[in-house]
Structures are given as structure tokens and as C-alpha cells.
Amino acid sequence: MAKKVYVSLIADLLHAGHINVLKKASELGEVVVGLLTEDAAGELNDVPYLDFNNRKIVLENLSFVSEVIAQNEASYKKNLELLKPDFVVHGDDWINTNQAKYRDEVIQILSSFDAKLIEVAYDEDINSLKIKEEMTKLGITTHARQARLRKLIKSQKIVKILEAHNALSGLIVENAKETKDGEQLCFDGMWSSSLTDSTSKGKPDIEAVDTTARLTTINEIFEVTTKPLIYDADTGGKAEHFEFTVRSLERIGVSAVIIEDKTGLKKNSLFGNDVEQTQDTVENFSHKIKVGKQAQITSDFMIIARIESLILEAGMDDALVRAFAYVEAGVDGIMIHSRLKDPSEIIEFVQKFREQNKSIPIVVVPTSFNSVTTDEFAKMGVNIVIYANHMLRAAYPGMMQVAKSILKNKRSLEAEPNCMKIKDILELIPGTK
Ligand code: SPV
Ligand code: MG
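Values in this document were obtained by computation on a predicted structure and should not be read as measured data.

**Student:** Mind showing me how you'd approach the side chain of Ser 286 here?
**Tutor:** Note on placement: Ser 286 falls in helix α12 (residues 282–295). Side-chain polar atoms of Ser 286 contact the backbone oxygen of Val 282, separated by 2.7 Å. Contact partners of Ser 286, with chain neighbours within four places excluded, come to Ala 325, Tyr 326 and Ala 329.

**Student:** So what exactly am I meant to see when it comes to the environment of Ile 158 here?
**Tutor:** As for its position among the elements, Ile 158 is in the loop between α7 (142–155) and β6 (159–163). A residue is classified by how much of its surface remains accessible, and Ile 158, at 7% relative accessible area, is buried. Among residues more than four places away in sequence, those in contact with Ile 158 are Asp 188, Thr 374, Phe 377, Ala 378, Val 382, Asn 383, Ile 384 and Val 385.

**Student:** Would you explain the pairing of strand β10 (residues 229–232) in this entry?
**Tutor:** For a regular strand, side chains alternate in direction, first toward one face of the sheet and then toward the other. On β10, burial covers both faces: Leu 229 and Tyr 231 on one face and Ile 230 and Asp 232 on the other are all buried. Judged from the 3 bridges that link them, strand β9 (residues 189–192) and β10 form a sheet pairing that is parallel. Bridged to Ser 192 within β10 is Tyr 231. Bridge count for β10 against strand β11 (residues 256–260) is 3 bridges, and the pairing is parallel. Looking at β11, one finds that Asp 232 is bridged to Ile 258. Chirality of the crossover, the property in question, places the unit of β10, helix α11 (residues 239–252) and β11 among those that are right-handed.

**Student:** What's the story with the coordination of the magnesium ion (ligand 2) in this structure? I'm lost.
**Tutor:** Six octahedral donors at a metal ideally form angles of 90 or 180 degrees, and four tetrahedral donors ideally form angles of 109.5 degrees. Summarising the metal site, the magnesium ion (ligand 2) is bound by the protein donors Ser 194 (OG) and Asp 232 (OD), whose distances to it range over 2.1 to 2.2 Å. With Ser 194 in helix α9 (residues 194–200) and Asp 232 in strand β10, this residue pair connects regions lying 38 residues apart in the sequence. For Asp 232, a relative accessible area of 4% translates into the label buried.

**Student:** Can you walk me through the packing of aromatic side chains in this structure?
**Tutor:** Where two aromatic rings form a pair, the distance of their centres and the angle of their planes describe that pair. Inspection of every chain in the model, using the stated rule, returns 6 aromatic pairs. Between Tyr 6 and Tyr 76 the ring centres are 6.1 Å apart and the planes differ by 70 degrees, which places this aromatic pair in the edge-to-face class. Taken together, the residues span a long stretch of sequence, with Tyr 6 in strand β1 (residues 4–9) and Tyr 76 in the loop between β3 (67–71) and α4 (77–83) at a distance of 70 residues. Classification of Tyr 6 as buried rests on a relative accessible area of 0%. On the basis of an interplanar angle of 35 degrees and a centroid distance of 5.8 Å, the ring pair of Tyr 76 and Trp 94 is categorised as tilted. Of the two residues, Tyr 76 sits in the loop between β3 and α4 while Trp 94 sits in the loop between β4 (87–91) and α5 (100–112), which places them 18 residues apart along the sequence. Just as Tyr 76 is buried, Trp 94 falls in that class too. Pairwise contacts between aromatic rings join Tyr 6, Tyr 76 and Trp 94 into one cluster. Positioned above the aromatic ring of Phe 222, the side-chain terminus of Arg 145 is 3.7 Å from the ring centre. Against the face of Tyr 49 rests Arg 148, its NZ or CZ located 5.4 Å from the ring centre.

Cut-off values and rules
- Residues numbered from 1 in each chain as written.
- Chains lettered and ligands numbered in written order.
- Predicted model: local features only at pLDDT ≥ 70, side-chain atom pairs only at ≥ 80, totals over all residues.
- Heavy atoms only, no water.
- Helix = DSSP H or I, 4+ residues; strand = E, 2+ residues; numbered from the N terminus.
- Polar contact = N/O pair within 3.5 Å; in protein donor to acceptor, adjacent residues only side chain to side chain.
- Contact = heavy atoms within 4.5 Å.
- Buried < 20%, exposed > 50% of the residue type's maximum accessible area, 1.4 Å probe, protein only.
- Pairing = 2+ DSSP bridges.
- Right-handed = clockwise from strand over helix to strand, strands pointing away.
- Donors = N, O, S within 2.8 Å, 3.2 Å for Na, K, Ca; no water.
- Phe/Tyr/Trp six-rings, centres within 6.5 Å; stacked < 30°, edge-to-face > 60°.
- Lys NZ or Arg CZ within 6 Å of the ring centre and 35° of its normal.

What follows is the structure, given as C-alpha cells:
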């Protein structure tokens with residue numbers, strides 16, 4: 001009887017590296033591919049462009065492959081125990097990645113029924129990550145960018161969003177990367193903050209910068225990035241105006257809009273009750289949500305309701321009543337805000353909301369309660385975390401310090417250590433040369 005060989009793949013963009021592994025596997029016996037579902041890929045921080053069925057059809061039609069089954073988790077355990085294959089074949093590139101723990105598990109399971117792991121030499125020049133990086137250089141379509149946020153929410157433990165107030169800060173969100181414990185970390189998308197967009201235009205955060213000006217900033221960001229963007233629409237204005245905002249945002253490929261349940265002259269929430277702020281009635285705000293939902297054309301766009309009850313000290317019960325009313329009105333997500341350093345009220349809200357609603361995405365903006373990590377938010381049941389103002393807050397002190405230094409020293413020599421090297425800025429944006 002032919003030996004059984006198990007190969008686990010995401011196979012989103014099938015390339016020569018995959019074929020090499022499958023060819024080697026087929027020389028050992030009949031190949032069963034365990035195709036990672038979107039959820040399983042999400043555990044590895046990967047969001048496939050193609051859905052499960054499309055990826056399955058491609059693999060099923062390869063001569064090296066006998067059968068394709070679903071692998072529902074990043075761990076191979078369930079499928080290996082079910083199939084008891086003679087071999088598992090994998091590229092040897094997984095040793096130093098976030099897959100290392102699954103490799104150890106595979107080795108341990110295989111040893112229990114005398115099977116073997118065969119690792120195929122990995123070709124540095126061909127891999128999915130590189131192809132995806134090349135693809136992002138080519139840009140993205142309006143629709144693919146817009147639809148990506150929902151895909152990310154579905155497949156990632158938590159979606160990490162960072163503020164961008166111009167194209168350059170957008171490029172930071174696009175390209176910043178870190179590796180921790182073998183896991184490659186990056187931001188999933190951008191936040192167009194009313195606070196930082198207004199501030200960088202030298203205007204107060206009181207809805208004084210009009211939508212057209214806000215959209216101009218976003219267009220500039222979109223010209224050089226591919227990641228999805230969530231738009232801070234403040235109160236959303238009058239329901240009749242919000243309708244047009246939704247259409248404009250959808251048209252340029254924004255993925256979601258967040259509107260806050262306040263009325264009158266908008267003031268930044270982080271002032272709390274130090275300034276006069278009025279919360280809208282549940283009826284009015286629910287009406288605005290419904291008008292927005294009716295105006296939207298695509299099913300991918302999201303309208304997220306931001307609850308200001310904790311900011312305005314109206315209490316937890318008020319926050320929860322509003323959250324359920326807004327869900328009833330048709331919102332696609334709830335953002336709960338707080339300006340306390342202590343995260344207790346956020347934790348309590350998330351727990352109580354999740355007791356009754358397991359599925360609606362929850363968004364938090366931990367500017368004040370900044371001791372909580374993204375992993376901790378994910379465990380609580382939060383879906384999106386927005387770092388709402390940090391790029392601008394990081395840039396401004398550096399610029400002010402250099403401006404003062406030039407004044408005081410009557411030359412720029414002393415300011416140089418606080419500036420990027422000329423050579424580096426010339427090389428920062430490809431094509432400058
Ligand atoms: C923003 O970034 O503009 C926000 C979040 O609305 S906050 O400043 O915390 O209100
Ligand atoms: Mg704002």
C-alpha cells in the first residue's frame with residue numbers, strides 16, 4: 001500500500017517553493033494536503049487573499065496531490081492523529097519562525113507512531129511573504145483595501161491600527177516591522193484621527209476641518225499605502241450629511257467609519273467633563289446609524305458606533321443600554337471609550353457586553369489606559385485596538401526641539417544629532433535619486 005504523506009499549506013499564491021515541497025512529498029507516497037482555513041492562517045498572522053474554496057480547487061488539480069482536507073487550526077495535531085501519515089513534509093524555513101512550536105509538536109506526535117518529518121531545503125528567493133511584499137509595491141485596488149478590514153477582524157486574534165495623519169506617517173504604518181518570540185509583528189491598518197488630522201492642519205479638534213479636507217489627506221495616504229483605514233468622523237454631523245460622508249468614504253476605499261454619540265459643538269473626548277459636551281439621545285443616534293447603513297453601497301464597509309457614556313460619566317449601565325440599542329439599529333461594531341488610566345471600566349464593559357453579544361466587533365482606543373497589551377485586549381474579547389495619536393505626538397516634540405536649538409545657537413550644527421542624516425532622508429523614499 002502507498003505510504004501516506006501529509007503537507008500543510010496556506011497556498012494563497014502558489015509558487016515554485018510549494019511545488020518543490022509537493023513534488024518531494026509525492027515521491028514518498030500519496031499526498032494529503034491539510035489546507036489551512038482562514039481562522040488557522042489567522043493564528044499565524046496570515047490573511048489569505050483567496051478564500052478556502054478557491055485555494056482548494058487549485059491544489060486538488062495538481063498531479064502531485066491526492067486529496068485536500070481542511071486544517072482548522074495552526075496546530076497539526078488533530079489531522080495527524082486522524083490520518084496517522086507515514087511522513088510530514090515541510091520547507092525547512094519554519095524552524096526560526098512563529099511556526100517553531102508547531103514543528104516541535106509535529107515531531108513529538110510523529111514519534112508516537114513511528115512516522116517521520118522530512119524537511120525540504122527552502123529557497124530564499126521564493127516565498128509567499130516576498131511575493132506579498134512585491135504585490136503591495138504594485139498597490140492595491142480600492143475594493144480590495146476596503147474589504148480587507150472585515151477579513152482581518154475575522155481571522156486575526158486582534159487587529160492593530162495606528163494613526164496616520166499624512167502620507168509619510170502612513171508609510172510608517174505600512175512598513176514598520178518587529179519580530180518577537182519568532183512572531184513577525186506589523187500594524188494591520190491606519191486610523192484617520194480627527195485630533196491629529198486637525199492638529200497637523202493647525203486647527204482645533206472641533207469638526208472645523210471639513211470632510212473634503214479630511215479626504216484629501218486620506219487620498220494622499222492611499223497613494224502610497226495598501227493597508228485598510230478606519231475614519232474618525234467625530235459626531236458624523238447631521239444624519240442628512242452623514243449619508244454623504246458614508247458615500248464619499250466608501251468611494252475612496254475607506255473600510256470603516258466611527259461616529260461618536262455626542263451632539264452640538266464637538267470637543268475631544270479626552271477632556272471629559274472638563275469642557276461642555278452633550279451626549280446624543282439613543283433615538284437620534286440610532287436614526288443616524290440607520291441612515292448611514294441605508295446609504296452604504298458595499299457590504300464590506302462598516303459603521304461603528306462610539307459610546308461616550310464613560311467619558312461623560314453617565315455610567316456603565318448607560319453605556320451598555322446604548323451599546324445594545326446601537327446594535328439593534330444595525331451598527332457593525334462598538335467602540336467603547338474611556339479617559340481613565342485604570343482599565344477597569346473598559347474591562348467591565350467588554351465582559352458585560354460579551355455576556356450578551358459574542359460576535360459584534362469591539363474597538364478600544366487605549367490612549368489613557370495604555371498599560372494593557374494587545375494580547376490582553378484580545379483575551380478580553382476586543383477585536384480592534386487603535387493607537388490613535390502616537391505618530392503625531394512623537395513627531396512634534398522632536399521638531400520643536402530642533403527649531404529652538406537653531407534659534408538659540410544661531411546655526412543648525414547643534415541640532416544635527418536630533419535630525420535624520422541627509423543621506424538617510426534622500427534614500428527614505430524610493431525613486432528620490
Ligand atoms: C481621535 O483620535 O481623534 C479620537 C480619539 O477621536 S480621542 O482623541 O481619544 O478622542
Ligand atoms: Mg476624534
